[in-house]
Amino acid sequence: MSWTEDQPMVSVRDVHKSFGELEVLKGVSLDVMKGEVICIIGPSGSGKSTLIRCINALNDIQQGSILVEGIEVHDKHLDKLELRKKVGMVFQQYNLFPHKTALENVMMAPIRVLKENKDDVEKSARALIKKVRLEGKENSYPGELSGGQQQRVAIARSLAMKPDVILFDEVTAALDPETVNEVLVTIKDLAEEGMTCILVTHEMGFAREVADHIYFTDRGVIVEHGKPATFFDEAKDPRTKEFLSQIL
Amino acid sequence: MTTRNYKTDLPVMMPVDGKPKNRPRFRLKLWHGAVLLGICLLSPTLSFAQSDAGQASVLEVLLRWMPLLLKGFIFNLVISVFAMAIGTGVGAMLGLGQISLHGWVRKLAWAITQFFRNSPWLVLLFFAMFLLPFQLRIGGVTIPLPDWLKAIIGLSLPVMANVSEIVRGAVTSLPSGQWEAAESLAYSRRQTLWLVILPQCVKRMLPPWMNLYSILTMATVLASIVGVSEVMTLTGQALAAEGGRTDLLAPFYSFVLIIFFIYCYPIARWTVYLEKKFAVKG
Ligand SMILES: Nc1ncnc2c1ncn2[C@@H]1O[C@H](COP(=O)(O)OP(=O)(O)O)[C@@H](O)[C@H]1O
Ligand SMILES: [Mg+2]
């Protein structure tokens, strides 16, 4: 089956995921169209990270189906490397490679994985570093950068692979309050350029502003979802209401 | 992650959270050397009083034998360098085997590592001495296996097992986020290991590896027990040639201790320095 752009780019269908006895996802479904930005919110431990990690096969699933551009992720014969060339990911703890400079962090994967020409890669890596507003930090090591700067390098590193969709797992949760905004601005830029984004976040104001669709998860199920305006102002489920009242 | 099955007991490999647990471990200290030097200087003068007239002085005898003893010591160093090289090469492969994704490779590598890590070095040396043939015939070529070569092989076995543990410990002590970041950038497992994980491990592996080398150097004297002409054997022979004068025992063995100390102490200091440096930087 070949995927076309009028179909969801990511389609999650009735996904069940357990760690041993503990069932973390209990039948989750959602769709993401090309160019859409969706935000997943919910209390800690509700399975948000697990859900997005399943999308790029960092976690396997026991039941259900995840299609990324028509590729079935829940398939023994899945070519994980091909999948991950399409799906980028940014982590809460940045996970930059500490022995490489910012520029090298961005350049490594295109050179080693995509086997692209080194000079071309360097040119586009410098452009990406400029795009995340880190000009002048090309030769700094991650240890010499602030959390917000590291996270922006991590975003540039992910973009260097030219993914079709990027997963963001609470990327501002570990940051000092004063650097949160610079990272959110970077993500907003991406969203405006039409990058497909799946974000797990606790930044409600941000979610309301950039998201096309909000999903609220609790204990492994999607309790409620909708457009930001309706979701935030007219939440129906008592669990959603309680969560929003605590966090807003 | 599958590679986190076994916990390390190497102190330097402990996760960096919290304070490192200090386990008792032998480390050369400067005062060890001072004591040795004291014995070496004092014993000839003390024993000089005891020695009969007409005999050469202790210092004279020691000076006469010194070139031979130093040659013997260099032989110890040669044994240590080759045993370290072989042990490191094979041990690194064994260590990577311990983090293999294939269950049976992992278990086999683990079993070999544990076996050789928990055997007395001397027993392994005897094992190599008496179980290896004195020559190997490969095709039409006969390769002799002299005792010193067997000693190198015998000593490389425990080195191999310890290096295997050092490699495994270093790899598993890296945060799993490093693996995940590389995986999500579509690195293959091999690329992840060689481009991301191992380069970061070198720093963590260096201090325990150097510590192991200095332990190995001190252990090379075990080869005297199986008849290799290293410094201890030669010392014994020199003493015998001097007619078993008891006043020579302390100075001669002190001399051997001191040359080992002079060689191993800087290594120990450097190891401590690196450990401190890497502990700060992480
Ligand atoms: N690798 C794992 N092994 C076992 N349990 C896990 C693992 N990862 C997550 N869990 C459990 O799954 C549940 C959901 O975790 P997670 O997806 O991280 O939640 P969230 O991101 O919403 O805070 C938690 O109870 C957590 O303890
Ligand atoms: Mg999470």
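Residues numbered from 1 in each chain as written. Chains lettered and ligands numbered in written order. Predicted model: local features only at pLDDT ≥ 70, side-chain atom pairs only at ≥ 80, totals over all residues. Heavy atoms only, no water.

Asker: I'd like to hear about the overall build of chain A, residue by residue, with values.
Answerer: Tallying secondary structure elements over chain A gives nine helices and ten strands in all. The C-alpha radius of gyration of chain A comes to 18 Å, within 12% of the 18 Å expected for a compact globule of 248 residues. In terms of overall dimensions, chain A has a C-alpha envelope of 50 × 45 × 35 Å along the principal axes. Sequence separation of at least 24 residues holds for 64% of the intrachain contacts in chain A that already meet a minimum separation of 6. Of the accessible surface of chain A, which amounts to about 11200 Å², a share of 47% is contributed by carbon and sulfur atoms. Charge separation in chain A, taken as the distance between the mean sites of 31 positive and 39 negative side-chain charges, equals 4 Å. (Helix = DSSP H or I, 4+ residues; strand = E, 2+ residues; numbered from the N terminus. Rg over C-alpha atoms; globule rule 2.2 N^0.38 Å. Contact = heavy atoms within 4.5 Å. Areas by Shrake-Rupley, 256 points an atom, 1.4 Å probe, with all protein chains shown as cover. Lys, Arg positive; Asp, Glu negative; His and termini not counted. Charge placed at Lys NZ, Arg CZ, Asp CG, Glu CD.)

Asker: Please set out the pairing of strand 6 (residues 87-90) of chain A residue by residue, giving values where relevant.
Answerer: Residue and element names in this part refer to chain A. Side chains Val87 and Met89 of strand 6 all project onto a buried face; the interleaved residues Gly88 and Val90 project onto the opposite face, where all are buried too. The sheet contact formed by strand 6 and strand 7 (residues 165-169) spans four bridges and is parallel. Residue pairing across strands places glycine 88 opposite isoleucine 166, the latter belonging to strand 7. (Buried < 20%, exposed > 50% of the residue type's maximum accessible area, 1.4 Å probe, protein only. Pairing = 2+ DSSP bridges.)

Asker: Residues and numbers for the interface of chain A and chain B, please.
Answerer: On the side of chain B, 16 residues touch chain A, which itself brings 22 residues to the contact. Overall, the association of chain A and chain B removes approximately 1600 Å² of surface from exposure, summing both partners, and the carbon and sulfur fraction of that is 63%. It is Arg84(A), Phe97(A) and His99(A) that lose the most area in chain A upon contact with chain B, and together they represent 28% of the buried surface on that side. Close ionic contact of Arg84(A) with Glu183(B) constitutes a salt bridge, the shortest N to O distance being 3.8 Å. Here chain A and chain B share six residue pairs in polar contact (both at pLDDT 80 or more) between them. Residue assignment for the side of chain A that touches chain B shows that the elements contributing at least two residues are helix 2 (80-86), strand 6, helix 3 (102-112) and helix 5 (147-159) of chain A. When its residues are assigned to classes, the side of chain A that touches chain B shows twelve nonpolar, four polar and six charged. (Buried area = accessible area lost by both parts, 1.4 Å probe. Salt bridge = Lys/Arg side-chain N within 4 Å of Asp/Glu carboxyl O. Polar contact = N/O pair within 3.5 Å; in protein donor to acceptor, adjacent residues only side chain to side chain. Nonpolar A, V, L, I, M, F, W, Y, C, P; charged D, E, K, R; others polar.)

Asker: Break down the site of ligand 1 for me, with residues and values.
Answerer: All names here are of chain A. The immediate surroundings of ligand 1 are formed by Phe19, Leu22, Val24, Pro43, Ser44, Gly45, Ser46, Gly47, Lys48, Ser49 and Thr50. Measuring from an oxygen atom of ligand 1, one finds a backbone N or O atom of glycine 47 at 3.0 Å. At 2.9 Å from an oxygen atom of ligand 1 is found a side-chain nitrogen or oxygen belonging to lysine 48. In the complex, 57% of the free accessible area of ligand 1, which totals 560 Å², lies under the protein chains. Only strand 2 (22-32) and helix 1 (48-55) provide two or more residues apiece to the shell around ligand 1. In terms of residue count, helix 1 provides more of the shell around ligand 1 than any other element does, three residues in total. For the shell around ligand 1, a count of residues per class yields four nonpolar, six polar and one charged. (Near = heavy atom within 4 Å.)

Asker: Quick rundown of the state of the cysteines? Include the residues and the values.
Answerer: Residues and elements named next belong to chain A. In total, this model carries zero disulfides over all chains according to the counting rule given. In this structure cysteine 39 is not part of a disulfide, and its nearest cysteine sulfur, from cysteine 197, lies 8.9 Å away. Owing to a relative accessible area of 0%, cysteine 39 belongs among the buried residues under this scheme. (Disulfide = S-S within 2.5 Å.)

Asker: Tell me what's going on with unusual backbone geometry, and back it up with residues and numbers.
Answerer: Leaving glycine out, the prevailing phi sign among residues is negative, and the prevailing peptide bond configuration is trans. Residue and element names in this part refer to chain A. Even without glycine at this site, alanine 57 takes up a positive phi of about 65°. Inspection of the secondary structure puts alanine 57 in the loop between helix 1 and strand 4 (63-68). Note on alanine 57: relative accessible area 10%, which makes it buried.

Asker: Tell me about the packing of aromatic side chains, and please be specific about residues and values.
Answerer: Residue and element names in this part refer to chain B. All told, the structure shown has ten aromatic pairs over all chains when counted by the stated rule. Ring geometry for phenylalanine 73 versus phenylalanine 260: centroids 5.0 Å apart, planes at 90°, classification edge-to-face. Linking phenylalanine 73 in helix 2 (residues 58-98) with phenylalanine 260 in helix 9 (residues 249-281), this pair joins segments that are 187 residues apart in sequence. According to the relative accessible area criterion, phenylalanine 73 is buried, its value standing at 7%. A ring pair is formed by phenylalanine 73 and tyrosine 263, whose centres lie 6.1 Å apart and whose planes are at 80°; its orientation type is edge-to-face. Taken together, the residues span a long stretch of sequence, with phenylalanine 73 in helix 2 and tyrosine 263 in helix 9 at a distance of 190 residues. Among the residues examined, tyrosine 263 registers a relative accessible area of 26% and is labelled partly exposed. Through pairs of rings, three or more aromatic residues link up here, namely Phe73, Tyr213, Phe260 and Tyr263. (Phe/Tyr/Trp six-rings, centres within 6.5 Å; stacked < 30°, edge-to-face > 60°.)

Asker: With reference to specific residues and values, describe the sheet that holds strand 10 (residues 221-226) of chain A.
Answerer: Residue and element names in this part refer to chain A. The six strands lie next to each other as 6-7-8-3-9-10, forming an open sheet whose pairing is mixed. Each of the sheet's edge strands pairs with one partner strand only, and the pair in question is strand 6 and strand 10. Along the sheet, successive strands turn relative to each other by an average axial angle of 20°, direction set aside. Relative to strand 8 (residues 196-200), strand 3 (residues 37-41) is paired through four bridges, and the arrangement is parallel. When the sheet's bridge partners are listed, valine 37 is paired in strand 8 with cysteine 197. Against the sheet, helix 5 engages strand 6 and strand 7, with an angle of about 170° to strand 6. (Axes fitted to C-alpha atoms, helices over the stretch in contact; angles between N-to-C directions.)

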